[in-house]
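# Breakdown of the fold
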Amino acid sequence: MVKDNTPADEQWKLARSGKFTASSISKIMLPGKDNMFSKGGLTYINEVACDAYTLFEDRNVQTYSMMMGKIKEPEAFAFYSKLIGLNGLQYFGDGNPLFKEYCKDSGGSPDAIAPVDADTVSFGGEFKCPDRDTHWDYLKTIKDQYDLKKLCPDYYGQCEFLMRTFKCDLWHWVSYNEYFPLKDRALIIEVKWDKNYQNDLEVRLQQAIKMKYELIEQFKTRS
């Protein structure tokens, strides 16, 4: 067997290319005026179809905030782990990301999971490390998953789809900023399985996948 020497982060990018991912799944959740999907949703479906039809191109451009968030994420995980007091959590940072398929056309990447055994996960965690002003706003405005759903639909959809992917009914959304006093350094929101959202998500995902292949087929049949 030939060892794959491709770096882990590059393997991760290749694995998720051409698929609908948890971090962007909320884009297909908004309806349009005369279409099942909003303009943003249709644009996303078109982008996924293009990725699936063409060779991989790394277009991952990180902002300063995104870069700093990744740098601080291990610290956030360590603080979170200490707060909840649970051993055995698996963290997928530090250049070792995981992409798990929900189906061959979609999947998600957890920041952390709490495995029960090789096939079962009890819950997972999604960490955000925003600047002080943003964390301050989160502390003031987000008290439960319903606030998260209203104010941060992208993060809410990400947590819900990760639950679907890992077949569990709980995910922790965590905002962390090390400049705050200990009691406010981490905001942990329990996101539970939202039946109505999940039902809508499944219908929309299957339609998005169908449209993805219809777009690809148009190119395959061009003379």
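What comes next concerns the included structure. (Residues numbered from 1 in each chain as written. Predicted model: local features only at pLDDT ≥ 70, side-chain atom pairs only at ≥ 80, totals over all residues. Heavy atoms only, no water.)

Glancing now at the overall build of the chain. For the chain, the helix and strand inventory stands at seven helices and eight strands. For 223 residues, the compact-globule estimate of 2.2 N^0.38 gives 17 Å, and the C-alpha radius of gyration of the chain, at 18 Å, lies within 12% of that figure. By its C-alpha atoms, the chain is 65 × 50 × 35 Å across when sized along the principal axes. Across the chain, contacts joining residues at least 24 apart in sequence account for 69% of those joining residues at least 6 apart. Total accessible area on the chain stands at roughly 13100 Å², and carbon and sulfur atoms take up 53% of it. (Helix = DSSP H or I, 4+ residues; strand = E, 2+ residues; numbered from the N terminus. Rg over C-alpha atoms; globule rule 2.2 N^0.38 Å. Contact = heavy atoms within 4.5 Å. Areas by Shrake-Rupley, 256 points an atom, 1.4 Å probe, with all protein chains shown as cover.)

Right, let's get into the sheet that holds strand 6 (residues 120-128). Sheet architecture is open: five strands sit in the order 2-5-6-7-8, paired in mixed fashion. The two strands at the open ends of the sheet, each matched to only one other strand, are strand 2 (90-91) and strand 8 (186-192). By the bridge criterion, seven bridges tie strand 7 (residues 170-176) to strand 8 in an arrangement that is antiparallel. Within strand 8, the position partnered with H172 by the bridge is E190. Relative to strand 7, helix 6 (residues 153-166) is tilted by about 145°, and along the sheet it contacts strand 5 (112-117), strand 6, strand 7 and strand 8. (Pairing = 2+ DSSP bridges. Axes fitted to C-alpha atoms, helices over the stretch in contact; angles between N-to-C directions.)

Before going further, it helps to spend a moment on the pairing of strand 6. By the criterion of burial, strand 6 is predominantly enclosed, with seven of the nine residues buried. With five bridges connecting them, strand 5 and strand 6 associate as antiparallel partners. Bridging from a neighbouring strand, D117 pairs with T120 of strand 6. As judged from the five bridges shared by strand 6 and strand 7, these two strands associate in the parallel manner. When the sheet's bridge partners are listed, F127 is paired in strand 7 with V174. (Buried < 20%, exposed > 50% of the residue type's maximum accessible area, 1.4 Å probe, protein only.)

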